[in-house]
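Each chain is listed here by its residues.
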Amino acid sequence: MEIYNKVLVIIAVILVFVVIINVGTKSPLTGHASDTGKANLSIEAAASISFVFNTTDWGVGYVNEADTEAYLDTDAGTVVGGTWTPVTQPLVVSNDGNTNVSLNFSTSNIASAFIGGNSPAYQLKLENNGTGTCDSNNLSLSSFTEATGATELEGCKEMGYQNTMDTLNLHVNLTIPEDATIGTKSSIITAIATAVSS
Amino acid sequence: MKNKGVVFGKLFFLFYIFLICFGSVSSLSVTPAAASFNFQPNFEYTFNYHVGNVGEERVVGVSVVGDLAEYAELDKNKLVGGGDFNLHLKLPPYIEVPGMHRILVSVKEIVSDDEFVGSTIGTSVEIRAVVDVYVPYPGRYLEMELTTGDVNFQEPVKFEIDLTNRGVENLTFSPIIEIYNNASQGYIETLYFQERNLSSGENIKLQKFLNTTDYSAGAYNALAIVNYGSVAQDSVEFRIGRLFIELTNYTKEILLEGLQRFDIEVASSWNDRIDGAYAEVSVLNDSEEMTNFKTTSASLNPWESKILTGYFDTSNFTEGTYDANVTLYYYGKTTGKSSSEIVEIEFVKPAEVPYLLIGLIVVGIIVLIGVFFILKKYFFKHGKK
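Residues numbered from 1 in each chain as written. Chains lettered and ligands numbered in written order. Predicted model: local features only at pLDDT ≥ 70, side-chain atom pairs only at ≥ 80, totals over all residues. Heavy atoms only, no water.

Colleague: Any chance you could break down the overall build of chain A for me, citing the residues and the numbers?
Modeller: Across its full length, chain A carries two helices and 13 strands. Counting only residues that meet the buried cut, chain A has 44% of its 198 residues in that class. Considering only residue pairs separated by 6 or more positions, chain A has 72% of its internal contacts joining residues 24 or more positions apart. Accessible surface, chain A: about 9900 Å² in total, of which carbon and sulfur atoms supply 55%. (Helix = DSSP H or I, 4+ residues; strand = E, 2+ residues; numbered from the N terminus. Buried < 20%, exposed > 50% of the residue type's maximum accessible area, 1.4 Å probe, protein only. Contact = heavy atoms within 4.5 Å. Areas by Shrake-Rupley, 256 points an atom, 1.4 Å probe, with all protein chains shown as cover.)

Okay, here's the thing in structure tokens:
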């Protein structure tokens with residue numbers, strides 16, 4: 001009988017410990033969730049973007065005497081109608097994270113403020129660096145499009161992140177009229193990446 | 001001299017634009033990139049974010065926008081050199097509009113123009129992490145997405161259906177996938193899934209394989225249908241490839257002027273890589289071979305188009321239309337194949353410069369200038385008198 005009681009006590013103690021452990025286990029959520037249902041919170045990965053190549057240097061130049069405007073194009077790698085040094089290397093944007101992102105672009109100004117003169121142009125174009133980063137159905141900025149300042153230009157609806165399929169070339173095409181205002185100007189191109197949630 | 005100087009100055013008034021462009025190092029990372037959950041009344045949660053890949057001195061701005069931004073509060077609006085910040089979300093007891101509501105947490109490099117001395121184009125990066133809140137629809141509502149991929153001849157096709165119950169009611173349904181021939185729109189067969197139950201807010205992913213043993217190469221369409229009281233549908237195209245390269249375009253006109261370039265555009269119908277694709281071109285005059293040359297070789301990724309280029313001497317040709325036998329050679333895995341096609345090429349003489357006409361025009365201008373000066377001198381003399 002005594003042994004029987006001791007066994008019962010031992011079992012009871014074990015059960016108490018089991019209850020304590022279960023009650024003491026905390027939910028990973030720091031907030032309060034309603035008792036009527038589940039929030040099913042899902043949190044994903046990291047978004048990381050960088051301009052791998054962020055230099056476009058045409059140097060110093062001017063519109064030729066015989067021409068009314070000059071065209072500077074990193075895609076064609078040419079300068080027509082001006083004396084600037086041709087540039088073939090575009091800006092390069094890389095998705096360094098582990099999630100797909102949508103990629104848009106904005107600029108701090110537009111052609112009239114950036115270059116000035118009669119009918120200037122400040123255009124952007126996006127293309128795959130390699131294959132597969134942005135599917136053709138998702139690539140919106142596939143031809144040169146006028147920069148629209150703070151209004152975002154849609155670049156790629158879904159940019160991949162896997163190695164060898166995670167970089168895009170951003171080409172710049174400028175039209176500089178002969179009456180463009182002289183002096184140094186500045187413009188900032190911002191790449192805006194938004195995580196594409198699965 | 002003075003008049004000449006003024007004219008000279010106008011002609012040579014050049015516009016100097018300094019276009020020295022360089023950007024600061026622009027990179028940014030934000031973790032976590034995305035969060036999503038089903039709406040619960042008065043739900044409260046603090047999201048912890050980490051910003052990295054930022055230069056030590058870099059200033060990064062943090063803000064929150066979106067249709068539920070009023071219920072979100074940040075503990076910082078600026079970071080220097082990266083770091084951590086928190087977003088505290090406290091939802092209301094009720095949100096009237098059902099569906100997805102997105103909150104965007106914006107992390108943006110702050111770049112000031114005075115950083116760029118003598119430069120014009122700088123770069124910066126902004127990352128928007130998302131917080132998606134799904135407010136259930138009244139009654140029944142099912143979201144569905146069908147995905148698949150291309151395959152090669154006789155390989156099985158894998159379909160995946162992603163199903164989420166976005167309504168307040170629990171659902172019971174049996175999905176099906178109907179297969180159609182893309183070209184003829186003809187129905188082929190149906191794949192059937194087991195009956196499933198899905199609670200409010202729950203998500204499941206189902207898969208099914210299609211046996212394509214009796215299918216020929218080509219394009220097809222799959223239509224997923226789920227009847228849960230209402231009907232949810234989604235469709236997707238898929239292709240069954242074959243080891244074949246199609247000649248889609250070529251140089252149709254050749255100038256009769258020495259060595260000329262000949263381009264051939266080819267498109268792969270294979271769902272794997274093709275190596276060593278090149279063309280051998282034989283240009284014929286009736287049945288006699290005038291010349292024979294090979295193009296460069298290239299590799300083609302699945303379904304890719306490329307241009308193969310060759311060169312040949314046109315000195316033995318005269319004006320007219322010739323046939324050319326284009327034979328394409330290519331390799332897929334261990335199989336080598338070839339295909340031939342007869343095309344027409346037109347040989348034309350280059351446009352001649354009209355030297356006689358140009359000469360006559362030049363002489364005419366000189367005569368006119370001479371007459372002008374003679375008349376001017378004559379009227380000047382008579383004017384003085």
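Don't stop here, the text continues.
Colleague: I'd like a rundown of the side chain of Ser48(A), residues and numbers included.
Modeller: Following the sequence through the fold, Ser48(A) ends up in strand 2 (residues 47–53). Discounting residues that sit within four places of it in the chain, Ser48(A) has contacts with Ser94(A), Asn95(A), Asp96(A), Gly97(A), Leu28(B), Ser29(B), Asn53(B) and Ile127(B).

Colleague: Which residues make up the environment of Asp263(B), and what values go with them?
Modeller: Residue and element names in this part refer to chain B. For Asp263, the position within the fold is in strand 23 (residues 259–268). On the basis of relative accessible area, Asp263 is assigned to the buried category, the value being 19%. Between the alpha carbons of Asp263 and Asn249 there is a distance of 8.2 Å; along the sequence they are 14 residues apart. With near-sequence residues (within four places) excluded, Asp263 lies in contact with Asn249, Tyr250, Thr251, Ile307, Leu308 and Thr309. There is a polar contact of 3.1 Å between the side chain of Asp263 and the side chain of Arg261. (Polar contact = N/O pair within 3.5 Å; in protein donor to acceptor, adjacent residues only side chain to side chain.)

Colleague: How would you summarise the pairing of strand 2 of chain A if you had to cite specific residues and measurements?
Modeller: Burial within strand 2 of chain A is extensive, with five of its seven residues counted as buried. The sheet contact formed by strand 2 of chain A and strand 2 (residues 27–31) of chain B spans four bridges and is antiparallel. Opposite Ser50(A), over in strand 2 of chain B, you have Ser27(B) as the bridge partner. In this sheet, strand 6 (residues 91–95) of chain A lies alongside strand 2 of chain A in antiparallel orientation, the contact comprising four bridges. In the sheet register, Ser50(A) faces strand 6 of chain A, and the bridge partner there is Ser94(A). (Pairing = 2+ DSSP bridges.)

Colleague: Outline the environment of Thr194(A), supporting the account with residue identities and numerical values.
Modeller: Note on placement: Thr194(A) falls in strand 13 (residues 187–195). Once residues lying within four places of it in the same chain are set aside, the contact partners of Thr194(A) are Asn100(A), Val101(A), Ser102(A), Leu104(B), Arg128(B) and Val130(B).

Colleague: Please set out the pattern of salt bridges residue by residue, giving values where relevant.
Modeller: Under the definition given, this model contains twelve salt bridges over all chains. Between Glu109(B) and Arg58(B) there is a salt bridge whose closest N-O contact spans 3.6 Å. Taken together, the positions of Glu109(B) in strand 9 (residues 99–109) and Arg58(B) in the loop between strand 4 (44–52) and strand 5 (59–66) put the pair 51 residues apart, joining distant regions of the chain. A salt bridge links Lys158(B) to Glu160(B); the nearest nitrogen and oxygen atoms lie 3.2 Å apart. A residue is classified by how much of its surface remains accessible, and Lys158(B), at 35% relative accessible area, is partly exposed. On the basis of relative accessibility, which here comes to 35%, the residue Glu160(B) falls in the partly exposed class. Connected through salt bridges with shared partners, the residues Glu152(A), Glu126(B) and Arg128(B) form a single ionic network. (Salt bridge = Lys/Arg side-chain N within 4 Å of Asp/Glu carboxyl O.)

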